[in-house]
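Observations on chain architecture
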Amino acid sequence: MNDTESSRCSGSARIFQALWIVGYLIGTSTHTVDLLLGGTNAYSSFPDALRLFWILLTVLDPLVVVLILLQKQVGVVLGVVVIVVDVGVNATVYATIGGLSLFGVLCQTLFGILILITARPLSAWFAAVNRSK
């Protein structure tokens, strides 16, 4: 790979990194606002396991952000796991229990697709950056 190709790949990876950070910060803020407004009763109309999962995202989403900022491959793995499980849970809740907005589920699904498409190049870039340190 020549310098121009390397620079272009690096530029794309930085955009992917920024998109991941923005997306997971949106998730962090959504769950944080829910907890600030609802306190211990946040998500009270849902089963306890769902409530616990959504509260846990208040920790997992910002953890993904920190790891992605530090250019750690484990952040890519965690980010993929979090979004796949979250989209699966929310789509199932939307289809069976209700109470979630279609707009929110669709936006999250699109973000999940972005994560899945960009995970490999982002991970490769992090590996290259970490090797050069």
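These notes cover the structure that comes with them. (Residues numbered from 1 in each chain as written. Predicted model: local features only at pLDDT ≥ 70, side-chain atom pairs only at ≥ 80, totals over all residues. Heavy atoms only, no water.)

1. Some details on the nonpolar core
- Counting 27 residues, the largest nonpolar core has Trp 20, Tyr 24, Trp 54, Ile 68, Val 76 and Leu 122 as its most contacted members.
- Among the secondary structure elements, those contributing two or more residues to this core are helix H1 (3–38), helix H2 (48–69), helix H3 (73–96) and helix H4 (102–131).
- By residue number, the principal contributor to this core is H2, which donates 8 residues. (Core = buried A, V, L, I, M, F, W, Y, C linked by side-chain atoms within 4.5 Å. Buried < 20%, exposed > 50% of the residue type's maximum accessible area, 1.4 Å probe, protein only. Helix = DSSP H or I, 4+ residues; strand = E, 2+ residues; numbered from the N terminus.)

2. Focus: the packing of H2 against H3
- Where H2 contacts H3, the axes come no closer than 10 Å and their chain directions differ by 150 degrees. Taken together, the axes of H2 and H3 are roughly antiparallel relative to one another. Of the two elements, H2 crosses H3, and the hand of that crossing is left-handed. Judged by residue contacts, Leu 50, Phe 53, Trp 54, Leu 57, Leu 60, Asp 61, Leu 63, Val 64, Leu 67 and Ile 68 of H2 engage Val 74, Gly 75, Val 76, Leu 78, Gly 79, Val 82, Val 85, Asp 86, Val 89, Asn 90 and Val 93 from H3.
- Partitioned by chemical class, the residues of the contact of H2 with H3 number 16 nonpolar, 3 polar and 2 charged. (Axes fitted to C-alpha atoms, helices over the stretch in contact; angles between N-to-C directions. Parallel < 35°, antiparallel > 145°, perpendicular 65-115°, else oblique. Left-handed = near helix turned anticlockwise from the far one by under 90°. Contact = heavy atoms within 4.5 Å. Nonpolar A, V, L, I, M, F, W, Y, C, P; charged D, E, K, R; others polar.)

3. Focus on H3
- For H3, which comprises 24 residues, the first-to-last C-alpha distance of 35 Å matches the rise-based estimate of 34 Å (1.5 Å per residue) to within 8%.
- For H3, the complete set of buried residues consists of Gly 75, Val 76, Gly 79, Val 82, Ile 83, Asp 86, Val 87, Asn 90 and Val 93.
- Taken from the residues just after H3, Gly 98 is the one with a positive phi, measuring 85 degrees. (Expected span 1.5 Å × (residues − 1).)

4. Some details on the packing of aromatic side chains
- Within the structure shown, the criterion is met by 5 aromatic pairs.
- With 4.9 Å between their ring centres and 90 degrees between their planes, Phe 46 and Trp 54 make a pair best called edge-to-face. For the pair Phe 46 and Trp 54, one class covers both residues: buried.
- Connected via pairs of aromatic rings, a cluster forms that spans Trp 20, Tyr 24 and Phe 111. (Phe/Tyr/Trp six-rings, centres within 6.5 Å; stacked < 30°, edge-to-face > 60°.)

5. Re the pattern of salt bridges
- Applying the stated criterion to the full structure yields 1 salt bridge.
- Among the ionic pairs, Arg 51 bridges to Asp 48, the shortest N-O distance being 3.6 Å. Remark: Asp 48 and Arg 51 occur in helix H2; sequence separation between them is 3 residues, near one turn of the helix.
- With a relative accessible area of 18%, Arg 51 lands in the buried category.
- On the basis of relative accessibility, which here comes to 59%, the residue Asp 48 falls in the exposed class. (Salt bridge = Lys/Arg side-chain N within 4 Å of Asp/Glu carboxyl O.)

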